[in-house]
Amino acid sequence: MYNLLKGKKGIIFGALNADSIAWKVAERAHQEGATFVLTNAPIAMRMGEINKLAAETGSEIIPADATSMEDLENLVEKSVEILGGKIDFVLHSIGMSINVRKGLHYTNSNYEFTHKGFDVSALSFHRVMNVLYNKKAMSRWGSIVALTYMAAQRVFPDYNDMADNKAYLESVARSFGYFFGRDFKVRVNTISQSPTPTTAGSGVKGFGGFLSYAEKMSPLGNATALECADYTITLFSDLTKKVTLQNLFHDGGFSNMGISDVIMDSFMGADE
Ligand SMILES: NC(=O)c1ccc[n+]([C@@H]2O[C@H](COP(=O)([O-])OP(=O)(O)OC[C@H]3O[C@@H](n4cnc5c(N)ncnc54)[C@H](O)[C@@H]3O)[C@@H](O)[C@H]2O)c1
């Protein structure tokens, strides 16, 4: 390892189980010398898995529902206290759509569900940054990262209302990122990750097909959760100080592909 985060303090949202992207980020951040607080929705804590990660990384856990300002204020105040100073990095790794979970088609959304999913998956990023900004809790040259997916730019029908949530999330990274950069020299970026087999990812209809299609389209193949964690670490490190307001594709090249040989081959003979 490279000691890239030696002495840095962070908050990591969204480690649910060992498959979670946030879980891998926590493990890698620990290996790179960071100390951090782990947080997740109180309901997710009941599964108890996060305790293992906390023990492994020597971290404290502070439950917070990312839709509650009260919870987020408590989280940030306590984190600064526990870590003994301002925060150098924050990972927002949160996503949930009730329309997806209940199998409702995009053209027949339940708007209560849409509201809830938007609050959890998208507005929560604004809330987190609001609390960090107003409490002046971020260190100079700190870094904030949220995870997103390319359905924010292109149509993936079964991604449902999460596509709209991700478009908002990416926009907020730019809008809030401006003020964070101007006032605190803090950078804000989103990482647009390949489809990844996690609890949230596997909830999308036809996820298996989705995964193998992306694998066959990408010259480097799909990026794994661990590879995503590695990339995230670089964005938390001092090696990327002037990267901000960006949506960064971490997808083995998928986002710039039109067609690959393997996909083309599967259509050979169609015009004969
Ligand atoms: N898995 C993929 O294919 C993929 C691809 C691109 C981007 N992403 C994004 O990566 C991020 C992490 O997802 P993942 O794939 O690791 O799945 P995951 O299911 O492991 O993580 C989602 C997390 O969101 C948390 N969460 C849900 N409601 C919450 C709330 N109210 N308050 C706080 N936390 C809450 C869950 O407890 C869970 O820990 C999400 O933003 C997701 O959209 C995932």
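Up top is the structure.
To keep things clear, this report deals only with the structure shown in the data block. Everything numeric in this text was worked out from a predicted model, so none of it was measured. (Residues numbered from 1 in each chain as written. Predicted model: local features only at pLDDT ≥ 70, side-chain atom pairs only at ≥ 80, totals over all residues. Heavy atoms only, no water.)

**Details of the packing of helix α6 (residues 111-134) against helix α7 (residues 162-184)**
Between α6 and α7, the shortest axis-to-axis distance is 8 Å and the interhelical angle comes to 5°. Comparing the axis directions of α6 and α7 gives the class roughly parallel. Contacts from Gly 117, Phe 118, Ser 121, Ala 122, Leu 123, Phe 125, His 126, Met 129, Asn 130, Leu 132 and Tyr 133 of α6 reach α7 at Met 162, Asn 165, Tyr 168, Leu 169, Val 172, Ala 173, Phe 176, Phe 179, Phe 180, Arg 182, Asp 183 and Phe 184. Its residues assigned to classes, the contact of α6 with α7 shows 16 nonpolar, five polar and two charged. (Axes fitted to C-alpha atoms, helices over the stretch in contact; angles between N-to-C directions. Helix = DSSP H or I, 4+ residues; strand = E, 2+ residues; numbered from the N terminus. Parallel < 35°, antiparallel > 145°, perpendicular 65-115°, else oblique. Contact = heavy atoms within 4.5 Å. Nonpolar A, V, L, I, M, F, W, Y, C, P; charged D, E, K, R; others polar.)

**Examining the pairing of strand β2 (residues 35-39)**
Summarising burial for β2: four of the five residues are buried, a large majority. For strand β1 (residues 9-13) and β2, the ladder comprises five bridges, and the chain directions are parallel. Residue pairing in the sheet places Phe 13 in a bridge with Thr 39 of β2. Following the chain from β1 across helix α1 (residues 21-31) to the adjacent parallel β2, one finds a crossover that is right-handed. Inspection of the sheet shows β2 paired to strand β3 (residues 60-61) by two bridges, in the parallel sense. By the bridge assignment for β3, Leu 38 is matched with Ile 61. (Buried < 20%, exposed > 50% of the residue type's maximum accessible area, 1.4 Å probe, protein only. Pairing = 2+ DSSP bridges. Right-handed = clockwise from strand over helix to strand, strands pointing away.)

**Details of the pattern of salt bridges**
Scanning the model with the defined rule gives eight salt bridges in all. For Lys 8, the salt bridge is made with Asp 238, and the minimal N-O distance between the two is 2.9 Å. In this pair, Lys 8 sits in the segment before β1 while Asp 238 sits in the loop between α10 (225-236) and β7 (247-250), placing the two residues 230 residues apart along the sequence. On the basis of relative accessible area, Asp 238 is assigned to the partly exposed category, the value being 41%. The closest approach of N and O atoms between Lys 135 and Glu 77, which form a salt bridge, is 2.7 Å. Here Glu 77 lies in helix α4 (residues 69-83) and Lys 135 lies in the loop between α6 and β5 (138-148), a separation of 58 residues in the sequence. Several salt bridges converge on common partners, so that one network encompasses Arg 28, Glu 32 and Asp 230. (Salt bridge = Lys/Arg side-chain N within 4 Å of Asp/Glu carboxyl O.)

**Some thoughts on the packing of aromatic side chains**
All chains considered together, the criterion is met by 15 aromatic pairs. Ring centres 5.4 Å apart and planes at 85° place the aromatic pair Tyr 133 and Phe 180 in the edge-to-face group. Separated by 47 residues along the polypeptide, Tyr 133 in helix α6 and Phe 180 in helix α7 bring together distant segments of the chain. Summarising the burial analysis for this pair, Tyr 133 and Phe 180 share the class buried. Note on Phe 180 and Phe 184: the rings are 6.0 Å apart at their centroids and 50° apart in plane angle, and the pair reads as tilted. Residue Phe 180 and its partner Phe 184 are both found in helix α7; the two are separated by four residues, about one turn of the helix. (Phe/Tyr/Trp six-rings, centres within 6.5 Å; stacked < 30°, edge-to-face > 60°.)

**Structural notes on the packing of α1 against helix α3 (residues 50-57)**
It is at 10 Å that the axes of α1 and α3 come closest, and there the two elements cross at 10°. Judged by the inter-axis angle, α1 sits roughly parallel to α3. In this structure, α1 contributes Trp 23, Ala 26, Glu 27 and His 30 to the contact, and α3 contributes Ile 50, Lys 52, Leu 53, Glu 56 and Thr 57. Its residues assigned to classes, the contact of α1 with α3 shows four nonpolar, two polar and three charged.

**Points about the layout of surface pockets**
The computed volume of the largest pocket comes to approximately 1,300 Å³. In this structure, the largest pocket is lined by 45 residues; those nearest its centre are Ser 93, Ile 94, Gly 95, Met 96 and Ala 200. Its residues placed into classes, the lining of the largest pocket shows 25 nonpolar, 16 polar and four charged. (1 Å grid on protein atoms, 1.4 Å probe; cavity = no way out; pocket = protein on both sides within 12 Å on 5 of 7 lines; lining within 4 Å. Points joined across faces, edges and corners; volume = space filled by probe spheres on them.)

**Some thoughts on the nonpolar core**
Judged by nonpolar contacts, the single largest core of 35 residues is most densely connected at Val 90, Phe 125, Leu 132, Ile 144 and Phe 180. For this core, the secondary-structure elements that each account for two or more residues are β1, α4, β4 (87-92), α6, β5 and α7. It is α6 that contributes the most residues to this core, eight residues altogether. In terms of nonpolar packing, the next biggest core, distinct from the first, is built from 28 residues, Val 25, Cys 228, Leu 235 and Leu 248 among them. (Core = buried A, V, L, I, M, F, W, Y, C linked by side-chain atoms within 4.5 Å.)

**Regarding α10**
Look at α10: 16 Å from first C-alpha to last across twelve residues, which is about the 16 Å you get at 1.5 Å a residue. Listed in full, the buried residues belonging to α10 are Ala 225, Cys 228, Ala 229, Thr 232, Ile 233, Leu 235 and Phe 236. In an axial view of α10, the angular spread of the buried residues amounts to 160°, which keeps them on one side of the axis. Elements that come into contact with the buried residues of α10 comprise α1, β4, β5, β6 (187-193) and β7. (Expected span 1.5 Å × (residues − 1). Arc of directions from axis to C-beta.)

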